[in-house]
Amino acid sequence: MTLSDNEILAYLKGRDDKELFALADGVREKNVGDTVHIRGILEFSNKCARNCAYCGLRAMNNTVTRYSMTKEEIEKASDEAYVSGYKTIVLQSGEYIPYPIDMLAEIVSYIAEKGMTVTLSIGEISKDKMKLLYDAGARRYLIKHETANEELYNRLHKDSSFEKRMRAIYDVKDIGYEVGGGFLIGLPETDERDILNDLRLVGSVPLDMCGIGTFIPCGNTPLENEKKGSAILTKRAVALTRLVLERANIPVTTSLRSIDDGTLFNYGANVIMTKLTPERYRNMYEIYPLDVVSKGIKEERAEIESLIAREGRKPL
């Protein structure tokens, strides 16, 4: 759906949330149906070589207890996810791979051979390594740009650059992955026009998946005293993303769920993420403050399926 810049800015400023959400939900129903896809995230390592200013896993945060799951632990968690009904596993870590790339490829192959879709969320790596993991069976790659404000991006990511990030996104697409990206709502110094630029950027790639998170300040980071982002503004951005990327997979992000207790699936989203990370590691993977209630993989999936059904949607 084509919207002018002025129309997008008006919706972002709250012109008519009921109209916007209904419009987005209608586009969602027409293009991707009533199914809500449940993705399982396995946070296999919290080691990170980067120092992103908003992230609790940043390398300079020495209050974090670092871990990397063993190959056997990852494979065991994937086995449990498989028998619990998961069809997709997101292998997520900090921007540092704690194993030889061939070993990670073996893990990818092990999961893919079950018939499960493997999504990678491991940051900027070389195109050769991306290709190796694709050949091993990975088919989706999540790598968010976070903000289209290039000057701000470079200040928040002093060990990388906006140009490098965008090059990685296009490398992912060039290899043949479904490319997932997204951005944060509420970063300091941003406003509705920045979100407009984010929407134009994700539409120009275009992304196959797009996650819109809410900025939540985390302790022991340079942004720990900043104001958190707005839940309603995040929802407006999700709805507008659905209008820009009509057929994309768009999740209700964990950050939004943590600050908003309203209806989850009435503004364009069609994906929800749950944790597969073993209990002993869950509290160590803290990108931002989050009350983690540990449940078994089967129990958490059953709870999410029930939630989806209560909202009149079909879990998958």
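What counts and how
- Residues numbered from 1 in each chain as written.
- Predicted model: local features only at pLDDT ≥ 70, side-chain atom pairs only at ≥ 80, totals over all residues.
- Heavy atoms only, no water.
- Salt bridge = Lys/Arg side-chain N within 4 Å of Asp/Glu carboxyl O.
- Helix = DSSP H or I, 4+ residues; strand = E, 2+ residues; numbered from the N terminus.
- Buried < 20%, exposed > 50% of the residue type's maximum accessible area, 1.4 Å probe, protein only.
- Axes fitted to C-alpha atoms, helices over the stretch in contact; angles between N-to-C directions.
- Parallel < 35°, antiparallel > 145°, perpendicular 65-115°, else oblique.
- Left-handed = near helix turned anticlockwise from the far one by under 90°.
- Contact = heavy atoms within 4.5 Å.
- 1 Å grid on protein atoms, 1.4 Å probe; cavity = no way out; pocket = protein on both sides within 12 Å on 5 of 7 lines; lining within 4 Å.
- Points joined across faces, edges and corners; volume = space filled by probe spheres on them.
- Nonpolar A, V, L, I, M, F, W, Y, C, P; charged D, E, K, R; others polar.

### What about the pattern of salt bridges?
Applying the stated criterion to the full structure yields 23 salt bridges. With its nearest N and O atoms 2.8 Å apart, the salt bridge here joins Arg 200 to Asp 5. Highlighted residues: Arg 200 in helix α8 (residues 192-204) and Asp 5 in helix α1 (residues 5-12), separated in sequence by 195 residues. A salt bridge links Glu 163 to Arg 167; the shortest N-O distance between them is 3.6 Å. One end of the pair, Glu 163, and the other, Arg 167, are both in helix α7 (residues 162-175), four residues apart, so they sit about a helical turn from each other. Classification of Arg 167 as partly exposed rests on a relative accessible area of 44%. Put simply, Arg 50, Glu 95, Glu 124, Asp 159, Lys 164 and Arg 165 are held in one network by salt bridges that share partners.

### A few points about the packing of helix α2 (residues 17-32) against helix α9 (residues 231-244)
At a minimum axis separation of 9 Å, α2 and α9 run at an interaxial angle of 40°. The angle between α2 and α9 places the two elements in the oblique class. For the pair α2 and α9, the sense of crossing is left-handed. Along the contact surface, α2 presents Asp 17, Leu 20, Phe 21, Leu 23, Ala 24, Val 27, Arg 28 and Val 32, while α9 presents Ile 232, Lys 235, Arg 236, Ala 239, Leu 240, Arg 242 and Leu 243.

### Points about empty space enclosed by the protein
On inspection of all chains with the given rule, the structure shows one cavity of 30 Å³ or more. Considered as a void within the structure, the largest cavity measures approximately 30 Å³ in volume. As for the largest cavity, its lining consists of Ile 143, His 145, Ile 169, Gly 181, Gly 182, Leu 201, Val 202, Val 205 and Leu 207. Of all elements in the fold, only β5 (178-185) and α8 reach the threshold of two or more residues within the lining of the largest cavity. Split into classes, the residues belonging to the lining of the largest cavity amount to six nonpolar, three polar and no charged.

### Overview of the environment of Val 36
Relative to the helices and strands, Val 36 is located in strand β1 (residues 35-45). Val 36 gets classed as buried once you look at its relative accessible area, which sits at 0%. In the structure, Val 36 is positioned 89 residues away from Ile 125 in sequence and 30 Å away in space, judged by C-alpha atoms. Ignoring anything within four residues of it in the chain, the contact list for Val 36 reads Phe 265, Asn 270, Val 271, Ile 272, Ile 308, Arg 313, Lys 314, Pro 315 and Leu 316.

### Examining unusual backbone geometry
In this structure, the amide linkage connecting Val 205 to the following residue, Pro 206, adopts the cis form with an omega of -20°. By the element assignment, Pro 206 lies in the loop between α8 and β6 (209-214). With a phi close to 70°, Glu 146 is a non-glycine residue in the positive phi region. By secondary structure assignment, the location of Glu 146 is in the loop between β4 (138-142) and α6 (150-156). For Glu 146, a relative accessible area of 13% corresponds to the buried category. The backbone of Asn 220 sits at a positive phi, close to 60°, despite the residue not being glycine. Within the fold, Asn 220 resides in the loop between β6 and α9. Under the relative-accessibility criterion, Asn 220 is labelled partly exposed at 44%.

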